[in-house]
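# Analysis of the macromolecular model
Okay, here's what each chain looks like letter by letter:
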Amino acid sequence: MSKKYLIVGGVAGGASAAARLRRLGEEDEIIMFEMGPHVSFSNCSLPYRLSGEVKNTEDLVMMTPEKFKGMYNIDARVNNEVIAIDRENKEIEVKNLLDDTTYRESYDKLILSPGAHPVAPNLPGIEKANVFTIRNVVDIDKLHRFIEKTKPTRITVAGAGFIGIEVVENLVLAGYNVTLVQSPPQILNQIDDDMVQRLHKEVIDHGVELILGDRVAAFDTNKVILKSGREIESEVVIMSIGIVPATDIAVKAGIETGKKGAITVDANYLTNDPDIYAVGDAIEVYNILTQSNAPLALAGPALKQARSVADHIHGRNISNNGYIGSSIVKVFNINVANTGLSEKMLANMDLDYDAIVIVPKDKVGIMPDAEDLAFKLIFEKPTGRILGAQAIGLGNVDKRVDVIATAIKFGATVDDLPDLELCYAPPFGTGKDVVNFSGYVASNILHGAYKQVSFSKVRELYEDGAYILDVRETYELGDEGQLKNAHNIPLSQLRERFEEIPKDVPVYVHCRSGQRSYNAVLALQSKGYKQVYNIAAGFMGIRSYEYYRDLTTGREPIVEDYGY
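Every value quoted in this text rests on a predicted model; they were computed, and no experiment measured them.

Attention now moves to the overall build of the protein. Assigned secondary structure in the protein consists of 14 helices and 34 strands. The C-alpha radius of gyration of the protein comes to 27 Å, within 12% of the 24 Å expected for a compact globule of 564 residues. Along the first, second and third principal axes, the C-alpha set of the protein runs to 90 × 55 × 40 Å. Going through the 564 residues of the protein one by one, you find that 51% of them count as buried. Excluding contacts between residues fewer than 6 apart, the proportion of contacts in the protein whose partners are at least 24 apart in sequence is 63%. With an accessible surface of roughly 24900 Å², the protein has 48% of that area assigned to carbon and sulfur atoms. Separation between the mean location of the 60 positive side-chain charges and that of the 77 negative ones in the protein comes to 1 Å.

Next up, the structure:
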């Protein structure tokens, strides 16, 4: 006997659920409702329309109602807004936005995939400003047409998450002057403070006026007024300060939501109504690392949830092992990826952990396109269980973080990473890949082979007058920069000059990336030095961490030269 399935919302979750339902049941009636004019589009590609990397607005549209009908026999109704759910009678009320008529549709099962709305506070003076948000094709087309027509001298973007960063990059590529305002003291909050500073440099190096630790508070004609009182001349403002789950009709129907307003679902993505499922940005999911529920606004999880819902409706077993949150974003020329927990998240958890940062090459060094790759691995103590990773570089950060995401899913420890057999050829990687390398270093730290200190602590060490040993070769110092008051004894001379290094105070050792200084630390330990520490990521970590704050605060640098 055929069934009738209704789906509220298209794009990733709704459209994927509809297609999977059709594959599992040819005779069923499937209707999908989308309040906008496009039922399936590349949401994550929207900002790239602004630069012309996506040449035509129509290219963003992936499937039309006609294609859904022809290819899948799915009734995709655009410009139709679901305005109410009648759970008792298993019906929904729909408003046709083109003619303002309403009608009802019954269902056997209902799937909610309404997504999320951009946060758009009604700030003072907003009626005087040209303020835009970005959620769909209509939004990006409206913005693109406006700036193409008016040619603003400056555009302000509020919010530096995924969308905000991508919007900024594409506006700059299109030739606009851009100011980026971010309320927290850093961009991309999923990345830790020690890693993100390099990204701040990348942003300002591309001519963006970056304002951190401040927020938009009001508007005036062609003017943005910040909380600090600072004023920015700007004809266009794009608000990208966050999203909220679009759960109004669900809440009115008595569907349960969690602490952050997202829909509560069980392991099968069922709500508290046995005939209503929910997927995507509007729901809470279980994080296997935090062991708690929270929204996770990412396309990959939404697609998995949609397939699982269709399978469960058809009586198939599904596997919901929870989520860890893996993402990647491009910040101009730098790629940044992360998975699992950050130190920022761990600060609010009762979990003992440690972290390492390494900066190896992403492929064999003599390859012309070999680049440094900053890689952070976070792990539990004393088990070594991998908790998270972050990677920043010009090259392939994604495949390294993808390996760690897989390792986390399978409960791997840092001791498992050196044994992984990963693809290698000089144009693609190194014989000991970044992932293997991170496992060796983390295992050494976990098992006490040597001690380390983060490059983020070097300023404090410098100000305390600590003994800092630079083991780079002398010729490197002029090209790459150096710490003030550091003692330079090249690794190649170290064994002949041990007597110059004090044993009665802690010795902090660095090189360019942390690898040669590791060798120096072991050599010193073999000579009876008990208080010797490797500075993680070496001078590259130090300069990346110090540069932006030195530039914006006017504080005294701890380096003679940054080497940039």
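Still more ground to cover, so stick around.
The next thing to look at is the packing of aromatic side chains. Overall, the coordinates contain 7 aromatic pairs when judged by the stated rule. Ring geometry for Y450 and Y518: centres 5.0 Å apart, planes at 50°, overall tilted. Here Y450 is found in the loop between α10 (434–446) and β28 (451–453), whereas its partner Y518 is found in helix α13 (residues 515–526), with 68 residues between them in sequence. Summarising the aromatic geometry, the rings of Y547 and Y564 are spaced 5.3 Å apart at their centres and angled 80° between planes, so their arrangement reads as edge-to-face. Of this pair, Y547 sits in helix α14 (residues 538–553) while Y564 is found in the segment after β34 (559–561), placing the two residues 17 residues apart along the sequence. Taking the relative accessible area as the measure of exposure, Y564 reaches 47% and is therefore partly exposed.

Taking 1.5 Å as the rise per residue, α10 with 13 residues should run 18 Å; its terminal C-alpha atoms sit 18 Å apart, in good agreement. Counting buried positions along α10 yields 11 of 13 residues, so the element is predominantly enclosed. Among all positions of α10, only V434, V435, N436, F437, S438, G439, V441, A442, S443, I445 and L446 are buried. Put simply, D433 is the residue that caps the front of α10, since its side-chain oxygen is 3.0 Å from the backbone nitrogen of V435. Residue G448 follows α10 closely and has a positive phi angle near 75°.

Definitions and limits used
- Residues numbered from 1 in each chain as written.
- Predicted model: local features only at pLDDT ≥ 70, side-chain atom pairs only at ≥ 80, totals over all residues.
- Heavy atoms only, no water.
- Helix = DSSP H or I, 4+ residues; strand = E, 2+ residues; numbered from the N terminus.
- Rg over C-alpha atoms; globule rule 2.2 N^0.38 Å.
- Buried < 20%, exposed > 50% of the residue type's maximum accessible area, 1.4 Å probe, protein only.
- Contact = heavy atoms within 4.5 Å.
- Areas by Shrake-Rupley, 256 points an atom, 1.4 Å probe, with all protein chains shown as cover.
- Lys, Arg positive; Asp, Glu negative; His and termini not counted.
- Charge placed at Lys NZ, Arg CZ, Asp CG, Glu CD.
- Phe/Tyr/Trp six-rings, centres within 6.5 Å; stacked < 30°, edge-to-face > 60°.
- Expected span 1.5 Å × (residues − 1).
- Polar contact = N/O pair within 3.5 Å; in protein donor to acceptor, adjacent residues only side chain to side chain.

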